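Single-letter residue listing:
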Amino acid sequence: QAKVAESGGGLVQAGGSLRLSCAASGNIFRIYAMGWYRQAPGKQRDLVARITRDGSTNYADSVKGRFTISKDNAKNTVYLQMNSLKPEDTAVYFCDVELTPEHDVRIYTLWGQGTQVTVSS
């Protein structure tokens, strides 16, 4: 059974940087896309950044130029480098992975448990 685990959250001052990591492990044949979402208290979960198998990326307008998503295929890991952080970036950040297990034809979306990012003013 595949699973997803995030790490790297924490408390930083405005203008600072943080790097999040998300590793997928277990029964994985192929990963099609990996992404980061965030959810602030009382708000919906929104896309932050996403990277596909071929390396194509997309970002929320609010993070363009500040955040960079990347991946390490050998480690089944996706990263989110967050620079110039703002208080409005404060949220729980979730990793999602779209994958197919071995001997399966279906694509599953798996979510991590989330990691808290808090940006102080």
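For the structure, see preceding data.
Structure report, in brief. If you're wondering where the values come from, they're calculated on a predicted model, not measured in any experiment. (Residues numbered from 1 in each chain as written. Predicted model: local features only at pLDDT ≥ 70, side-chain atom pairs only at ≥ 80, totals over all residues. Heavy atoms only, no water.)

**As for the overall build of the protein**
Counting its regular elements, the protein contains zero helices and eleven strands. Each helix and strand of the protein, ordered N terminal to C terminal, gives the series β-β-β-β-β-β-β-β-β-β-β. At 14 Å, the protein has a C-alpha radius of gyration in line with the 14 Å of a compact globule built from 121 residues. With the C-alpha coordinates of the protein rotated into their principal frame, the extents come out at 50 × 25 × 20 Å. Residue burial in the protein is summarised as follows: out of 121 residues, 40% are buried. Pairs at least 24 residues apart make up 56% of the contacts formed inside the protein by residues separated by at least 6 positions. Accessible surface, the protein: about 6,600 Å² in total, of which carbon and sulfur atoms supply 46%. For the protein, the distance from the average position of its 14 positive side-chain charges to the average position of its 11 negative side-chain charges is 2 Å. (Helix = DSSP H or I, 4+ residues; strand = E, 2+ residues; numbered from the N terminus. Rg over C-alpha atoms; globule rule 2.2 N^0.38 Å. Buried < 20%, exposed > 50% of the residue type's maximum accessible area, 1.4 Å probe, protein only. Contact = heavy atoms within 4.5 Å. Areas by Shrake-Rupley, 256 points an atom, 1.4 Å probe, with all protein chains shown as cover. Lys, Arg positive; Asp, Glu negative; His and termini not counted. Charge placed at Lys NZ, Arg CZ, Asp CG, Glu CD.)

**Remarks on the state of the cysteines**
Under the criterion given, the structure shown has one disulfide. Between cysteine 22 and cysteine 95 runs a disulfide, and the two sulfur atoms are separated by 1.9 Å. Between cysteine 22 and cysteine 95 the sulfur-sulfur dihedral comes to about -80 degrees; the bridge is accordingly left-handed. A residue pair is termed long-range when its members are at least 10 positions apart, and cysteine 22 in strand E3 (residues 18–25) and cysteine 95 in strand E9 (residues 91–100) qualify at 73 residues. For the pair formed by cysteine 22 and cysteine 95, the shared burial category is buried. (Disulfide = S-S within 2.5 Å.)

**What about the pattern of salt bridges?**
For the coordinates displayed, the defined rule picks out five salt bridges. For glutamate 98, the salt bridge identified is with arginine 50, shortest N-O distance 3.1 Å. Of the two residues, glutamate 98 sits in strand E9 while arginine 50 sits in strand E5 (residues 46–52), which places them 48 residues apart along the sequence. Accessibility expressed as a relative area gives 22% for arginine 50, which makes it partly exposed. Within this structure, Arg38, Arg66 and Asp89 form a network of salt bridges that share partners. (Salt bridge = Lys/Arg side-chain N within 4 Å of Asp/Glu carboxyl O.)

**Focus: the packing of aromatic side chains**
Summed over all chains, the structure comprises one aromatic pair. The residue whose ring lies beneath arginine 45 is phenylalanine 94, and the NZ or CZ to ring-centre distance is 3.6 Å. Cation over ring: arginine 45 sits above tryptophan 111, and NZ or CZ is 4.9 Å from the ring centre. (Phe/Tyr/Trp six-rings, centres within 6.5 Å; stacked < 30°, edge-to-face > 60°. Lys NZ or Arg CZ within 6 Å of the ring centre and 35° of its normal.)

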